[in-house]
Every structure is written in C-alpha cells, then in structure tokens.
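# Working through the structure, step by step
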Amino acid sequence: MQELVFRPGTAADVDRLVEIHLSAYPDPRSLAARRRRFESPPFGHPDCVVVAERQGIIVGHALSLRMELAALGQWLPVTGVATIGVAPEARGQGVASLLVRHVEAQAAARGDLACVLYPFRQGFYARLGYAPASAYKRVGFVPGAVPRGWALGSDTWLRGPGAVPHTQIEALYDGVAQQRLGALRRDALSWQSRYADERLQWLFAGVGDRLLGYATFSPENDEPHARTTALVGEICAVEPRIERGLWAALGAQRSQITRFDIDVADDDPLPLALTDPDADRHGTATLEHAYGVVCTGPMLKLLNPAALLARRGYLGEREIDLAIGADALHLTVREGRGTVTVSAPGAAAISLSSEALGALCVGGVRAQELWAQGALSCGPAEVGALDSVFAGPRYFSRDPF
Ligand SMILES: CC(C)(COP(=O)(O)OP(=O)(O)OC[C@H]1O[C@@H](n2cnc3c(N)ncnc32)[C@H](O)[C@@H]1OP(=O)(O)O)[C@@H](O)C(=O)NCCC(=O)NCCS
C-alpha cells in the first residue's frame, strides 16, 4: 500500500470528510449535522479531527476526543476514539487500523491513560487490544410499575424547567458522576446540546435552595392522540432516597405515558423493585416476563497501566502483585488511593493481559467473571483478592460519543 500520512483536519477538508462520512454512516443525518461533527464535536479540541491521506487524497477520518472519565472519586484523562470512516475505495487495506493506532499514539504522548470507544463490531477492536467494559441494560417499564411509596417526602420540592440555574445542575452532575465508574465530565457543548433540546423534559428535586437531583425524559408519539412513550435521558441524584423520588415522579406521568425506556448500569438495583414492568406486553412460551435487553457497553484500552492504577479511586484496602505481560507491578491501596511500584521478580501470583487489566480496573468487569472466561492466571484465593481491590460500580456512561 502507498504510504499513509496522518495530519489534523482543517476547514478546507470538511467537504471531503463529509463525503466519506456519508458513505460510512448512511443514516438520515443532514449535511449540516455532519459538518458540525467535524467542526465542533462535543469533547473536541483544535486538533481533534485526524485525517488519513494517501498521495494528497483524504481516504479516512477519525475523531480523537479529550475526556475525563470518572473512576470512584477521580477524573481520569482519557481519549475517546470516534467517527472512524474510510472511503470505499480504500477499505480492507489497513487504513482504519492505522488510524486507530495513530490516535492512540497521540493520546499516549499527551499523557492520557486509556482510549475508550463504542465499537461498531467488537471483533475489529479486540484485534487492536481493546477489552469490553461491563454491559448495559435497557429496561422498559409501564409508569405504574414504580412503587408509589417512592414519592419524595413533603420536605422535598419537585420543580420543572427554569427552576434551577445551569451551574447548579452541572455541579450536581459532576459531584455524583465522579463517584461512579465510566461517567464523563461534560464539556460546555455536551450541556448545551441538552439545554437546547426543546423536547427534553426536566424534573428537579431539592430542599430549600439546594438541588438534590434531576431527571430528564423525552416523550414522543407518532401523531396527536397516539400512544405516548418516553426515553429517559438520565436520573442523577445525590442519594438513593432522591433517586427513588425521581423514579416516582416518572411514575406519576402514568396518565399520559404508557411506557418508559431507560438505560441503566448492569448493577442498577432499582429496576428490580418494579412491579409488573412489562404490563404493556405479553410473553412467549419460553420467556414469560421480559422487560429489558442487554447491550454491549464501550471498549477500552489502557495506555499506561501503572499510571492508571495510581490515579483511579478504590473502595477496598490491600496490597497485591500483578504480572501484566512482561511488567510486574506492586499495588498498595490505602484510603481509596493506589500506589504503584515495580514488583520483586516472581512476586506476582496473578498474571493477566493488559486487556484483562483494562476490563478489571476501568471496565467494571469482576475478577470472578474474567477468571471464569480464562482471562486470569491465578488461583481462586487471588480472584477474591482482586475483587476486593477492584470491585465497585459497573461501568456506565450516559454520554455516547
Ligand atoms: C469499518 C471500517 C472503518 C474499516 O476500515 P478499513 O480501513 O477497511 O479497515 P482495516 O483495513 O484496517 O481492517 C479491516 C479488517 O477489519 C475487518 N472488519 C471490517 N469491518 C468489520 C466488521 N463490520 N466486523 C468485523 N470485522 C470487520 C475486516 O474483515 C478486515 O479484517 P481482515 O484484515 O482480517 O480482512 C470501514 O469499513 C468503514 O468506514 N465502514 C463504515 C463506517 C464504520 O462502520 N465505522 C466504524 C465505526 S466505529
């Protein structure tokens, strides 16, 4: 193959980039929306568009997005890899693989700790060293399934849009999201796209002048008087009592909305408390009460395992030796933070690939699950030790990119 050159995209490239984008993503998006994707994407920065050029002709594009990803009280600098597209005449020649490698090298050079992406096919990225994070669930429920006892107490107000300044909404989100795993710190464009969405409904809960939680949802129907359903954008609350209250506020839409759909982390406990969530559907002979689907989450690749182990937050306290490929690391976890040193030779009783470590320490996958998949080389006692260090919330983000 003739030599590929990678460079930042410029304004003069946008027509050609949109042409390739149209061939790669032939959905109904307008040309203007496609231009915006290259000119001002959420999480973008001046050099975020990467073009692959061969003999002066652009043959592929990618976005290299700068993000901060929540990991139990810490924000980790990561790169989001997005919008990979290759011109039809250049496919099957390694262009996409080299584009991904180029974005990874740039990310590592600026000190980002991992790359994260939503795969069109997991197999393509698995070959490039990416591991799947834990799965998501989409739960569909009739509003009447929410326990009425979950309603907010009389000390807590529930208000509509305009009731709360944007700064308070964003501060609340940042505080809640940072304690989770996988949530992204939103930039101004991400927030603006939410505020500008005229169909998005907002519910706010608080006490006095303090905001304690909010929920968003998008009702839709095909024509006036037709059945109305709604996709929940998010429920964000400082404590479970408020989160339950916001679920109850969704339940109170029962006279209009016949069904809500909400994406939740694999370990979200609240859907388990719904009563007859599938009351608007029927089962089959072999599956009586399905009320959701399992969806693959994003994939990730560690760029600097030692630095990442030292930066993320932890719930447990422990010391552990890990052999990751040819590297041997000693991790000490105290008071929620990790310290990493080089292990003594032969000290590690646990050996795992960089992919397995990525799934474990950023992907929210349990050591027990990796062990069952044959991805850990160790005995059952070490599996328990790994889970006591790394187990925490499952990976989940409400910001696909
Ligand atoms: C997917 C795409 C980016 C691949 O570009 P490319 O330059 O042809 O990719 P590469 O040459 O680096 O790699 C091709 C390899 O990936 C594999 N591959 C391509 N599409 C695949 C798919 N949908 N599922 C699994 N593997 C796939 C090919 O089989 C090939 O493997 P081989 O080398 O063993 O034959 C290109 O086909 C494209 O632009 N598609 C439409 C847009 C898209 O889906 N983008 C990805 C969004 S994340």
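Structure's up top.
Remember, predicted model here, so these are calculated numbers, not experimental data.

### Brief notes about the pattern of salt bridges
Pairing is possible between side chains of opposite charge, provided their charged atoms come close. Following the criterion strictly, the structure yields 24 salt bridges and no others. Across the pair E39 and R35 runs a salt bridge whose closest N-O atoms are separated by 3.7 Å. Here R35 and E39 lie together in helix α2 (residues 31–39), a separation of four residues that amounts to about one turn. On the basis of relative accessibility, which here comes to 49%, the residue E39 falls in the partly exposed class. When its relative accessible area of 30% is taken as the criterion, R35 is described as partly exposed. One salt bridge connects R185 with E68, and the closest N-O pair in it is separated by 3.4 Å. Residue R185 is located in the loop between β9 (181–184) and α6 (188–195), and its partner E68 is located in strand β3 (residues 57–71); the two are separated by 117 residues in the primary sequence. Judged by its relative accessible area of 32%, R185 is partly exposed. Of the residues examined, E68 reaches a relative accessible area of 32% and is grouped as partly exposed.

### Some thoughts on the site of the ligand
In the vicinity of the ligand lie 17 residues, with V86, G92, G94, S97 and R127 positioned nearest. One nitrogen or oxygen atom from the main chain of I84 is found 2.9 Å from a nitrogen atom belonging to the ligand. G94 places a main-chain nitrogen or oxygen 2.7 Å from an oxygen atom of the ligand. Protein contacts shield 65% of the accessible area of the ligand, which totals 910 Å² for the unbound molecule. The class makeup of the residues in the shell around the ligand is nine nonpolar, five polar and three charged.

### Some points on the packing of aromatic side chains
Evaluated as defined, the whole model comprises 16 aromatic pairs. Measuring from centroid to centroid gives 5.8 Å for W191 and Y195, while their planes differ by 15°, and the two rings are stacked. Linking W191 with Y195, this pair stays in helix α6, spanning four residues, or about one helical turn. Aromatic side chains W202 and F204 sit 5.8 Å apart centroid to centroid with 15° between the ring planes, which places their arrangement in the stacked category. Here W202 matches F204 in class, with each residue buried. The side chain of R186 reaches across the aromatic face of W191, ending 4.8 Å from its centre. A cation over a ring is seen here: R194 above W191, with NZ or CZ 6.0 Å from the ring centre.

### Observations regarding the pairing of β3
For β3, a buried count of twelve out of 15 residues is recorded, marking the element as mostly surrounded by other parts of the structure. Relative to β3, strand β2 (residues 49–54) is paired through six bridges, and the arrangement is antiparallel. Considered in β3, the bridge of V49 is made with L63. Hairpin geometry of β2 and β3 is characterised by an intervening segment of two residues between the two adjacent antiparallel strands and by a positive phi of about 50° at Q55. Sheet topology places β3 next to strand β4 (residues 74–86); eleven bridges connect them, and they run antiparallel. Across the sheet, the residue bridging to S64 is V81, located in β4.

### Notes on the pairing of strand β17 (residues 327–334)
The pairing of strand β16 (residues 318–324) with β17 spans seven bridges and is classified as antiparallel. Across the sheet, residue A323 finds its bridge partner in β17, namely A328. Hairpin remark: β16 followed by β17, antiparallel, with two residues in the connecting loop; positive phi at G325, about 55°. Pairing analysis gives six bridges linking β17 to strand β18 (residues 337–342), with the strands arranged antiparallel. Looking at the pairing, R334 lines up with R337 of β18. Once β17 ends, the chain turns through two residues before running back antiparallel as β18, passing E335 with a positive phi of about 50°.

About the criteria used
Residue positions are given per chain, counting from 1 as you read along its sequence in written order. Restriction of local features to residues with pLDDT of at least 70 applies here, the model being predicted, together with a cutoff of 80 or more for giving and counting side-chain atom pairs; totals for whole chains, interfaces and linings are based on all residues. To obtain the side-chain values, all non-hydrogen atoms of the structure were used and water was disregarded. The working definition used for a salt bridge is a side-chain nitrogen of Lys or Arg within 4 Å of a carboxyl oxygen of Asp or Glu. Think of it this way: any DSSP run of H or I at least four residues long counts as a helix, any run of E at least two long counts as a strand, and we number them from the N terminus. Burial classes: relative accessible area under 20% of the type maximum marks a residue as buried, over 50% as exposed, and values in between as partly exposed (1.4 Å probe, protein chains only). Residue proximity to a molecule or strand is established when one non-hydrogen atom of the residue lies within 4 Å of it. Distance and chemistry together define a polar contact, namely a pair of N or O atoms within 3.5 Å, with one atom able to donate a hydrogen and the other to accept it when in protein, and with adjacent residues in sequence counting only for side-chain atoms on both sides. For every accessible area listed, the method is Shrake-Rupley and the probe measures 1.4 Å; residues are considered covered only by the protein chains on display. The classification used treats Ala, Val, Leu, Ile, Met, Phe, Trp, Tyr, Cys and Pro as nonpolar, Asp, Glu, Lys and Arg as charged, and all other residues, Gly among them, as polar. We call Phe, Tyr and Trp rings a pair once their centres come within 6.5 Å, taking the six-membered ring for Trp, and we label the pair stacked below 30 degrees between planes, edge-to-face above 60, and tilted otherwise. Here, over-ring charges are defined by two tests on the NZ atom of lysine or the CZ atom of arginine: distance to the ring centre within 6 Å, and angle to the ring normal within 35 degrees. Pairing between strands is defined by DSSP: at least two bridges between the two strands are required.

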